[in-house]
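One-letter residues, chain by chain:
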Amino acid sequence: MTPKEVLEMAKAEGAKVVDVRFMDFPGVWQHMTIPMGELDESTFEDGIGFDGSSIRGWQPIHASDMLLIPDPATAKMDPFYEAPTLVLIGDIVDPLTREPYTRDPRHIARKAENYLRTTGLGDTAYIGPEAEFFIFDDIRFDSDRMSAFYAIDSIEGIWNSGSDEGPNLGYKPRHKEGYFPVPPMDKFQDLRTEMLLVLESLGIDVEAQHHEVATAGQAEIDMRFKPLLQMADQLMWFKYVLKNVAYRHGHTVTFMPKPLFEDNGTGMHTHISIWKDGQPVFAGDKYAGVSQEALYAIGGILKHCKALCAFTNPTTNSYKRLVPGFEAPVNLAYSSRNRSAAVRIPMYSTSPKAKRIEFRTPDPSCNGYLAFSAMLMAVIDGIQNKIDPGDPLDKNIYDLPPEELAEVDSAPGSLDEALEALKADQEFLLKGDVFTQDAIDMWIDYKVENEINPVRLRPHPHEFFLYYDI
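Please read these numbers as outputs of a predicted model, since none were measured by experiment.

Another aspect to go through is the overall build of the protein. Check the secondary structure of the protein and you find 13 helices and 18 strands. Taking 23 Å as the expected radius of gyration for a compact globule of 470 residues, we find that the protein reaches 23 Å, a close match to that expectation. Summarising its shape, the C-alpha atoms of the protein cover approximately 65 × 60 × 50 Å along the three principal directions. A burial count over the protein gives 54% of its 470 residues as buried.

Listed below in structure tokens is the structure:
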């Protein structure tokens, strides 16, 4: 839409206010609301001022002024606010130079798409994330100088099979058996359908919704693939919708990768394909019906996987899920059907248009703009440098003899390790000025100072169980 069309839409919808949103550096949506009368066509050029020093990972206090420029193509009506509200996603620019801000995740995603076009390898990168999540009924946590705890509860949690619920009617999915029985075992069918319908009302195409493997409301709603920047925008709407639908029904949604001990974690298997002139670049006559370019793309992801994890698995909690030997996709190999490999080639359809690669290591705690951009840059690097991914790993990894297993490298075991890999392997991200050195350095510094060190410095509750009587 043009700015004029946005204003016409707002009038037709009876919008009273405008909510302008943007992504902070770690990956949480921020917003400000202005009266409808404050939005005119010039706003889409002039922008709206705000304090960039109060946003995580952004400006210092002595250079805090920033501008938020609404993107008219992103206009939607909010489905939750009481007052009719027009929502616009914005881009960040410097008020003095009018240059796009290097740490604006949306700007990085836009540059990644543009860089693909300049390479001549393709004109569109399609992304299809499968963002899993948990639906809980109660969550409590605290961490201070003298204590630390968390407590999760779910009406569907198998740990409540013996609770007095007045009455307890049973039907609790056992650990690793939630995929996917019908109600009454599945308690959240109607809630997930409401989430699906709200997403569709926003113009977000959904392919399916279902319970996932873990107990306690683990679920998945699959969006149909879209171009990279559009999908990164949609992922923010996705998280927003799911959290708010759950909240208004007295439930809570989390995208933490590993909230439950001894049950499946939450991943975000991400499907990637490149198209050029309306044709799928990844369809061909090689292994599993893909092209040589697709195999090189897999080589790029496998080569750079450890550095990629700094963006695709960017929390300390991410590595509670990525543990070798527990069916997590940590093995740096590819296969057509082996789900413990980091990269899979889906075999559901023989259509050339369906040919894509699936990077299974990422999780939904990531900032989609940064994660999708980094994945695309690894794919491009693989194709440009003809990186051979080696032979596929179609055997059961858990049946491999030790000498064969030793030849299969693994994803990082911690956020520390992923960030160290990013320090050593970042040239592929800097091509085309997609990721700037400033953005990469701030990402590493922010993660170390605000996440790694605070976790590293605190005693863990389980250490008292292990060591109090030492």
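From this point, things continue past the structure.
With that out of the way, let us pick up the nonpolar core. One finds Leu86, Met195 and Leu242 to be the most contacted residues of the largest nonpolar core, which totals 124 residues. Beyond its immediate stretch of four places on either side in the chain, Leu242 contacts Phe133, Met195, Leu199, Ile221, Val253 and Phe255. The next biggest cluster of nonpolar side chains, apart from the first, holds six residues, and it includes Phe134, Ala214, Ala216 and Leu260.

Applying the stated criterion across every chain, the model contains 19 aromatic pairs. Between Trp29 and Tyr240, the ring centres sit 5.8 Å apart and the planes meet at 70 degrees, which makes this aromatic pair edge-to-face. With Trp29 in strand β2 (residues 29–35) and Tyr240 in helix α5 (residues 228–248), this pair connects stretches of sequence that are 211 residues apart. When its relative accessible area of 14% is taken as the criterion, Tyr240 is described as buried. Aromatic side chains Phe133 and Phe238 sit 6.5 Å apart centroid to centroid with 80 degrees between the ring planes, which places their arrangement in the edge-to-face category. Here the residue Phe133 occupies a position in strand β7 (residues 124–136), and Phe238 occupies one in helix α5, the gap between them amounting to 105 residues. Like Phe238, Phe133 is buried.

What follows deals with helix α4 (residues 189–201). With 13 residues, α4 should reach 18 Å at 1.5 Å per residue; the first-to-last C-alpha distance of 18 Å fits that figure. Along α4, the residues classified as buried are Leu191, Arg192, Met195, Leu196, Val198 and Leu199. Looking down the long axis of α4, one finds its buried residues gathered within 165 degrees of arc, a one-sided arrangement. Exposed side of α4, more than 90 degrees from the buried face: Asp190 and Ser201 are the residues found there. Against β7, β10 (206–211), β11 (218–223), α5 and β13 (252–254) lie the buried residues of α4. After α4 finishes, the residue Gly203 shows a positive phi value of roughly 85 degrees.

To continue, consider a nonpolar patch on the surface. A cluster of nonpolar side chains, contributed by Ile139, Phe141, Tyr150 and Phe261, occupies part of the molecular surface with about 520 Å² of accessible area. Within the fold, Phe261 resides in the loop between β13 and β14 (268–276). A residue is classified by how much of its surface remains accessible, and Phe261, at 65% relative accessible area, is exposed.

Quick look at helix α1 (residues 3–13) now. Given 3.6 residues per helical turn, the α-helix brings residues three or four places apart onto the same face. Taken residue by residue, α1 has Val6, Met9 and Ala10 as its buried positions. For α1, the buried positions fall inside an angular range of 100 degrees around the axis, keeping them on one side. α1 presents Lys11 and Ala12 as exposed residues on the side facing more than 90 degrees away from its buried surface. Its buried side turned inward, α1 meets α2 (43–46), β5 (76–77) and β6 (85–93). Just downstream of α1, Gly14 is the residue with a positive phi angle, here 70 degrees.

Let us look at the packing of helix α6 (residues 292–312) against helix α8 (residues 368–384). How two helices pack is summed up by the angle between their axes together with the distance between the axes. For the pair α6 and α8, the least separation of the axes is 7 Å and the interaxial angle reads 140 degrees. Between α6 and α8, the angle is such that the two are oblique. In the crossing of α6 with α8, the sense of the turn from one axis to the other is right-handed. Contacts from Glu293, Tyr296, Ala297, Gly300, Ile301, His304, Leu308, Phe311 and Thr312 in α6 reach Leu370, Ala371, Ala374, Met375, Ala378, Val379, Asp381, Gly382 and Ile383 in α8.

Attention now goes to the pairing of strand β16 (residues 331–335). Burial within β16 is extensive, with five of its five residues counted as buried. The alternating pattern of β16 places Asn331, Ala333 and Ser335 on one face and Leu332 and Tyr334 on the opposite face, and all of these are buried. Direction of pairing for β16 relative to strand β17 (residues 341–344): parallel, over a ladder of three bridges. Bridged to Tyr334 within β17 is Val343.

By the definition in use, this model includes zero disulfides. Residue Cys309 stays outside any disulfide, its sulfur separated by 4.1 Å from that of Cys305, the closest cysteine. Among the residues examined, Cys309 registers a relative accessible area of 0% and is labelled buried.

A cluster of acidic residues, Glu5, Glu8, Glu38, Asp40, Glu41, Glu45 and Asp46, forms a negative patch at the surface. For the negative patch, the secondary-structure elements that each account for two or more residues are α1 and α2.

Another point: the side chain of Gln209. For Gln209, the location among the structural elements is in strand β10. Among the polar contacts listed, one links the side chain of Gln209 to the side chain of Arg192, at a separation of 2.5 Å. Apart from the residues within four sequence positions on either side, Gln209 is in contact with Gln189, Arg192, Thr193, Leu196, Glu220 and Ile221.

Parameters and conventions
- Residues numbered from 1 in each chain as written.
- Predicted model: local features only at pLDDT ≥ 70, side-chain atom pairs only at ≥ 80, totals over all residues.
- Heavy atoms only, no water.
- Helix = DSSP H or I, 4+ residues; strand = E, 2+ residues; numbered from the N terminus.
- Rg over C-alpha atoms; globule rule 2.2 N^0.38 Å.
- Buried < 20%, exposed > 50% of the residue type's maximum accessible area, 1.4 Å probe, protein only.
- Core = buried A, V, L, I, M, F, W, Y, C linked by side-chain atoms within 4.5 Å.
- Contact = heavy atoms within 4.5 Å.
- Phe/Tyr/Trp six-rings, centres within 6.5 Å; stacked < 30°, edge-to-face > 60°.
- Expected span 1.5 Å × (residues − 1).
- Arc of directions from axis to C-beta.
- Patch = residues over 30% accessible without salt bridge, like charges linked within 9 Å, V, L, I, M, F, W, Y side chains within 5 Å.
- Areas by Shrake-Rupley, 256 points an atom, 1.4 Å probe, with all protein chains shown as cover.
- Salt bridge = Lys/Arg side-chain N within 4 Å of Asp/Glu carboxyl O.
- Axes fitted to C-alpha atoms, helices over the stretch in contact; angles between N-to-C directions.
- Parallel < 35°, antiparallel > 145°, perpendicular 65-115°, else oblique.
- Left-handed = near helix turned anticlockwise from the far one by under 90°.
- Pairing = 2+ DSSP bridges.
- Disulfide = S-S within 2.5 Å.
- Lys, Arg positive; Asp, Glu negative; His and termini not counted.
- Charge placed at Lys NZ, Arg CZ, Asp CG, Glu CD.
- Polar contact = N/O pair within 3.5 Å; in protein donor to acceptor, adjacent residues only side chain to side chain.

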